[in-house]
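# A closer look at the structure
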Amino acid sequence: MNNFIFENKTKVYFGRGGVKEYLGCLLKKYGPTVMLAYGGGSVKRNGVHDEIMGILNAQGKTVVEFSGIMPNPTYAKVQEGARLARENNVDLILAVGGGSVSDCCKIVSAQALLDEDIWEMEMTKHTFPSRFIPLGVIVTVFGTGSEMNAGAVITHEEKRLKSGVFGAQADFAFLDPDYSLSVPFPQVISGAFDTLSHAMETYFGKPDENNLSDDINEAVMRSVIRNIRVLMRDHDQYEARSELAWASAMAENGVLKIGKITDFQCHQIEHQLGAYTNCNHGRGLAVIHPVLYRHLYQAGAARFARFAQNVWGIAPKGCEEATALAGVEALAAFIREIGLPTTLTELGIPGDTDLRAVADSTNLTAGCCRKLTHEEIYQILLECQ
């Protein structure tokens, strides 16, 4: 295992009724003005907005609403939120929704206190913000694990880039599985697959010898697979939703990454596909993962064989490579089983999408078991069609 420093500052309130029980008390620690941030309005239809507004009003808070945060949040939306936060001297940002809302608010939290453009600061100068408006998160869509880290994925539409940007990490996060009941079921499954993808992208990083992080990771992957299958049979099963909610946080709170250089090549490809098409993230990952892994399994045969045996329960085949490939095909079969798309056509990607531009603008990651070229990524995208 590599050397590491580990800290996670986010205090998590997990389970049914946590917002009603604890949010009011937490709000006493912050100033009078709260920015309530959310997406397309589902929080108003499902009653979550009314519940939170009641608590904010009971605490005498001035509420500034920042709505309309889209999936694949744009840099323009970040700047809109930052202006709103500055103009109203916001003391706390309360992000209510899924990973897109919390990602957007992480960068709003930083940009609002900066005199310079945070994208250029991080991407060109390679310097990072140190001052933030405090952030709290109430999760309604599970999968990204965004609530327990400082990373955000933002789409810069002018630059045609969808990239990781670092901002605030939440002081506190509420994870109430009941809040996910009002989310369309396909999005629940898409989010859960994103969790599985996060775990795989860490597991197939380096080093690939036995370590505690990977042992924990295998348990997380098995849990995600098992509980997705439970939800496919019973969409409203609370225990399965609660397990998937915590798995989502575990996959991205740093625990699985301890001592690892992560892969995340699949995410990098999907991010750029999303920059060009605005496709759904989890569904895009489902299309790309098996194709990518068919290109990679021979270079990481031992690790893919372990994945086959310890995650999918596959008995060893005649040789290590055969076992490794069986694990990849088990993943592909699972994607079909749970109704996620397996091709770009099924995903709804237009046939005239410039896949060459997508490939050429994809970041190449250090943790991949075999470093790809932009040409090979282009071939992978063609195979995904």
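Residues numbered from 1 in each chain as written. Predicted model: local features only at pLDDT ≥ 70, side-chain atom pairs only at ≥ 80, totals over all residues. Heavy atoms only, no water.

### Quick notes on the overall build of the protein
Along the backbone of the protein there are 16 helices and 8 strands. A globule of 385 residues ought to have a C-alpha radius of gyration of about 21 Å, and the protein, at 20 Å, matches this closely. Taking the principal axes of its C-alpha atoms as reference, the protein extends roughly 70 × 45 × 45 Å. Looking at the protein as a whole, 58% of its 385 residues are labelled buried. At a minimum sequence separation of 6, the contacts of the protein that also span at least 24 residues come to 76%. Approximately 15500 Å² of the protein is accessible, and the part contributed by carbon and sulfur atoms is 50%. One way to put it: in the protein the 35 positive side-chain charges average out to a point 2 Å from where the 45 negative ones average out. (Helix = DSSP H or I, 4+ residues; strand = E, 2+ residues; numbered from the N terminus. Rg over C-alpha atoms; globule rule 2.2 N^0.38 Å. Buried < 20%, exposed > 50% of the residue type's maximum accessible area, 1.4 Å probe, protein only. Contact = heavy atoms within 4.5 Å. Areas by Shrake-Rupley, 256 points an atom, 1.4 Å probe, with all protein chains shown as cover. Lys, Arg positive; Asp, Glu negative; His and termini not counted. Charge placed at Lys NZ, Arg CZ, Asp CG, Glu CD.)

### A look at a nonpolar patch on the surface
A grouping of Met1, Phe4, Phe6 and Leu212 is seen on the molecular surface, where their side chains present a nonpolar patch of about 420 Å² in accessible area. Structurally, the position occupied by Leu212 is in helix α8 (residues 212-233). (Patch = residues over 30% accessible without salt bridge, like charges linked within 9 Å, V, L, I, M, F, W, Y side chains within 5 Å. Salt bridge = Lys/Arg side-chain N within 4 Å of Asp/Glu carboxyl O.)

### Some points on the packing of aromatic side chains
Enumeration over the complete set of coordinates arrives at 15 aromatic pairs. Aromatic side chains Phe14 and Trp246 sit 6.0 Å apart centroid to centroid with 75° between the ring planes, which places their arrangement in the edge-to-face category. Here Phe14 is found in strand β1 (residues 11-14), whereas its partner Trp246 is found in helix α9 (residues 238-252), with 232 residues between them in sequence. Judged by its relative accessible area of 40%, Phe14 is partly exposed. What makes Trp246 partly exposed here is its relative accessible area of 35%. Ring centres of Tyr30 and Phe172 lie 6.2 Å apart, and the angle between their planes is 50°; on these two criteria the pair is classed as tilted. Of the two residues, Tyr30 is situated in the loop between α1 (18-27) and β2 (33-37) and Phe172 in strand β8 (residues 172-175); the sequence distance between them amounts to 142 residues. Residues Tyr30 and Phe172 agree in their burial class; the two are buried. Here the aromatic residues Tyr203, Phe204, Tyr293, Phe304, Phe307, Trp312 and Phe334 are joined through ring pairs into a cluster of three or more. Of note, Arg356 hangs over the ring of Tyr378, and the distance from its end group to the ring centre comes to 3.9 Å. (Phe/Tyr/Trp six-rings, centres within 6.5 Å; stacked < 30°, edge-to-face > 60°. Lys NZ or Arg CZ within 6 Å of the ring centre and 35° of its normal.)

### Some words on helix α7 (residues 185-203)
The first and last C-alpha atoms of α7 sit 27 Å apart over 19 residues, in line with the 27 Å expected at 1.5 Å per residue. Counting buried residues in α7 gives 17 out of 19 residues, a clear majority hidden from the surface. (Expected span 1.5 Å × (residues − 1).)

### Side note on the nonpolar core
Ranked by internal contacts, the top residues of the largest apolar core, which has 65 residues, are Phe193, Leu196, Met200, Leu292, Tyr293 and Trp312. The biggest single contributor to this core is α7, with 9 residues. When near neighbours in sequence (up to four residues on either side) are disregarded, Leu292 contacts Gln265, Cys266, Ile269, Leu372 and Ile380. Of all hydrophobic cores here, the second largest spans 37 residues; its members include Val78, Ile107, Val108 and Leu175. (Core = buried A, V, L, I, M, F, W, Y, C linked by side-chain atoms within 4.5 Å.)

### Observations concerning helix α5 (residues 99-111)
When the terminal C-alpha atoms of α5 are compared, their 18 Å separation across 13 residues agrees well with the 18 Å that a helix rising 1.5 Å per residue should span. With respect to burial, α5 is a largely interior element, 12 of its 13 residues being buried. Residues of α5 that are buried: Gly99, Val101, Ser102, Asp103, Cys104, Cys105, Lys106, Ile107, Val108, Ser109, Ala110 and Gln111.

### Thoughts on the pattern of salt bridges
Considering all chains together, one arrives at 16 salt bridges under this definition. Residue Lys9 pairs with Asp171 through a salt bridge whose shortest N-O separation is 3.0 Å. Separated by 162 residues along the polypeptide, Lys9 in the segment before β1 and Asp171 in the loop between β7 (161-166) and β8 bring together distant segments of the chain. Under the relative-accessibility criterion, Lys9 is labelled partly exposed at 45%.

### Things to note about the side chain of Gln265
Tracing the sequence through the fold places Gln265 in helix α10 (residues 265-277). A polar atom in the side chain of Gln265 sits 3.0 Å from the backbone nitrogen of Thr365. Residue contacts for Gln265: discarding those within four places in its chain leaves Glu201, Leu292, Thr362, Asn363, Leu364, Thr365, Cys368, Leu372 and Ile377. (Polar contact = N/O pair within 3.5 Å; in protein donor to acceptor, adjacent residues only side chain to side chain.)

### Quick word on unusual backbone geometry
Residues other than glycine predominantly adopt negative phi, and peptide bonds predominantly adopt the trans conformation. Residue Pro207 is reached from Lys206 by a cis peptide bond, and omega for that bond is -5°. With respect to the helices and strands, the residue Pro207 is situated in the loop between α7 and α8. For His126, which is not a glycine, the phi torsion comes out positive at approximately 60°. Here His126 lies in the loop between α6 (118-123) and β5 (135-139). The phi dihedral of Arg160 is positive, around 55°, even though this residue is not glycine. Its place among the elements puts Arg160 in the loop between β6 (151-156) and β7. Looking at Arg160, the relative accessible area reads 36%, which means it is partly exposed.

### Things to note about the packing of α7 against α9
Closest axis-to-axis distance for the α7/α9 pair is 9 Å, and the angle between their directions is 40°. Taken as axis vectors, α7 and α9 run oblique relative to one another. The handedness of the crossing between α7 and α9 comes out as left-handed. In contact with Phe185, Val188, Ala192, Thr195, His198 and Ala199 of α7, α9 contributes Arg241, Leu244, Ala247, Ser248, Ala251 and Glu252. Among the residues forming the contact of α7 with α9, the class breakdown is 7 nonpolar, 3 polar and 2 charged. (Axes fitted to C-alpha atoms, helices over the stretch in contact; angles between N-to-C directions. Parallel < 35°, antiparallel > 145°, perpendicular 65-115°, else oblique. Left-handed = near helix turned anticlockwise from the far one by under 90°. Nonpolar A, V, L, I, M, F, W, Y, C, P; charged D, E, K, R; others polar.)

That is the geometry; function is a separate question.
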